[in-house]
Amino acid sequence: LSSRVANVLFWQPLFRTLSVALAVTFFSLIIGYLLAWIITRTDVRFKKLYATLAVIPFMLPSWSYAAAWITVFKNRRLAGAQGFMEVFGFQTPDLLAYGAIPIIICLSMHYFPLSFLLFGNAFQKIDSQMEESAQLLGASRFQTAIKVLLPVMRPAIMSCILLTFARTVGTFGTPYTLGRPVRFNTLSTSLYFTFQSGEPGIMAVIAVAMLLIGGALVAIDVYVLREYRRFVTMGGKGQMARPITLGKTQIPMNLFVGFFLFLVIFVPLSVLGLSTIMITPG
């Protein structure tokens, strides 16, 4: 931890891992929450189709997004076939082609279904009487969301944070594919490189650090949910919330959800499929 190479082999990968994991967790929570709210709480069309498509990114390997990203944005830092952008005359800067930004984007696209599933399930189980009571007492939709929905959603939020953060810390394929060209190492890739170089001592330190991160997450989850379990919400006959009528925003909302799912599912798969049938790469 204090040797001359500790910064390169441990501290820098640790900081990068935590930074990437925090960013991926944040964006996955936001995307999953919005999609879950739109699909379960509004009268948006094609609900079943959207709900099915939203789970597909998690079924794909995380490195498939990294492979699609490299196929499109690859520049001359890597040898081999040209990327799609190079063929059209654009030289993608390293900041966009490799490193933290593409890793965060690809992992967020891969892990947001976790949040979508947990939030969607939580939204369906919330008794609408609590929201209606708050609105009858004069609360706005924003106040209801912050003071009524948010506390009830706390277990789902903590589960999303725990699962997404832990999975991101342990992910290897995407950080290796997109980080290796610019030497952007996370704990998982640093663990791999120390294994390759035959340094079991350093490898053990990195592995223990990853275990400690996981243990800390579980401890925080247990503490937060312990406070939550002290209270029980009691009411009359429960009922599901009535869908919110979108009205004039029906078409824009459908276009938004449809375009987003098209972007995270069909575009990466199309890029990978297209690259397999090209006689000349690019």
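Quick caveat, the model's predicted, so the values are computed rather than measured.

Student: I keep staring at the pattern of salt bridges and nothing clicks. Help me out?
Tutor: Pairing is possible between side chains of opposite charge, provided their charged atoms come close. One pass over the structure, following the stated rule, counts 1 salt bridge. With a shortest N-O distance of 2.8 Å, R77 and D94 are connected by a salt bridge. Of this pair, R77 sits in the loop between α4 (62-73) and α5 (84-87) while D94 sits in helix α6 (residues 94-97), and the two are 17 residues apart along the sequence. Here R77 falls in the partly exposed class, since its relative accessible area comes to 46%. We classify D94 as partly exposed; its relative accessible area is 27%.

Student: Explain the environment of Y98 here, please?
Tutor: As for its position among the elements, Y98 is in the loop between α6 and α7 (100-125). Each residue touching Y98, except ones within four places of it in the same chain, is listed here: I70, K74, N75, R77, L78, L178, P181 and V182. At 3.0 Å, the side chain of Y98 forms a polar contact with the side chain of N75.

Student: Explain unusual backbone geometry here, please?
Tutor: In terms of backbone geometry, most residues other than glycine have negative phi values and most peptide bonds are trans. The backbone phi angle of F46 is positive, close to 60 degrees, even though this residue is not glycine. Relative to the elements of secondary structure, F46 occurs in the loop between α1 (6-41) and α2 (47-53). Looking at F46, the relative accessible area reads 53%, which means it is exposed. Even without being glycine, R183 reaches a positive phi, approximately 55 degrees. Within the fold, R183 resides in the loop between α11 (173-179) and α12 (187-196). Residue R183 is classed as exposed on the basis of its relative accessible area, which comes to 70%.

Student: Hey, could you run me through the side chain of H110 in this one?
Tutor: Summarising the element assignment, H110 is placed in helix α7. Polar side-chain contacts of H110 include one of 3.0 Å to the backbone oxygen of P57. A polar contact of 3.3 Å, which involves the side chain of H110, links it to the backbone oxygen of L60. Look past the residues within four positions of H110 in its chain and what remains in contact with it is P57, F58, L60, P61, S62 and Y65.

Student: Hey, could you run me through the packing of α1 against helix α14 (residues 250-276) in this one?
Tutor: If you want to describe how two helices pack, look at the angle between their axes and the distance between the axes. Packing of α1 against α14 brings their axes to within 12 Å, and their N-to-C directions diverge by 135 degrees. Compared by their axis directions, α1 and α14 come out oblique. As α1 runs across α14, the sense of the crossing is left-handed. Judged by residue contacts, I31, L35 and I38 of α1 engage M253, F256, V257, F260 and L261 from α14. Split by residue class, the contact of α1 with α14 holds 8 nonpolar, no polar and no charged.

Student: Explain the environment of K248 to me, please; I cannot follow it from the model alone.
Tutor: Tracing the sequence through the fold places K248 in the loop between α13 (200-228) and α14. Sequence separation of K248 and S159 is 89 residues, and the distance between their C-alpha atoms is 35 Å.

Student: Help me understand the environment of W69, please; the structure alone is not making it clear to me.
Tutor: Mapped onto the elements, W69 comes out in helix α4. On the basis of relative accessibility, which here comes to 11%, the residue W69 falls in the buried class. For the pair W69 and C160, spaced 91 residues apart in sequence, the C-alpha separation works out to 25 Å. Those residues in contact with W69 that lie beyond four places of it in its chain are K74, L96, A97, P102, I105, C106 and L178.

Student: Honestly, a nonpolar patch on the surface in this entry has me stumped. Any pointers?
Tutor: On the surface, F259, F262, L263, F266 and V267 cluster together into a nonpolar patch covering about 460 Å² of accessible area. Within the element layout of this structure, V267 appears in helix α14.

Cut-offs and rules
Residues numbered from 1 in each chain as written. Predicted model: local features only at pLDDT ≥ 70, side-chain atom pairs only at ≥ 80, totals over all residues. Heavy atoms only, no water. Salt bridge = Lys/Arg side-chain N within 4 Å of Asp/Glu carboxyl O. Helix = DSSP H or I, 4+ residues; strand = E, 2+ residues; numbered from the N terminus. Buried < 20%, exposed > 50% of the residue type's maximum accessible area, 1.4 Å probe, protein only. Contact = heavy atoms within 4.5 Å. Polar contact = N/O pair within 3.5 Å; in protein donor to acceptor, adjacent residues only side chain to side chain. Axes fitted to C-alpha atoms, helices over the stretch in contact; angles between N-to-C directions. Parallel < 35°, antiparallel > 145°, perpendicular 65-115°, else oblique. Left-handed = near helix turned anticlockwise from the far one by under 90°. Nonpolar A, V, L, I, M, F, W, Y, C, P; charged D, E, K, R; others polar. Patch = residues over 30% accessible without salt bridge, like charges linked within 9 Å, V, L, I, M, F, W, Y side chains within 5 Å. Areas by Shrake-Rupley, 256 points an atom, 1.4 Å probe, with all protein chains shown as cover.

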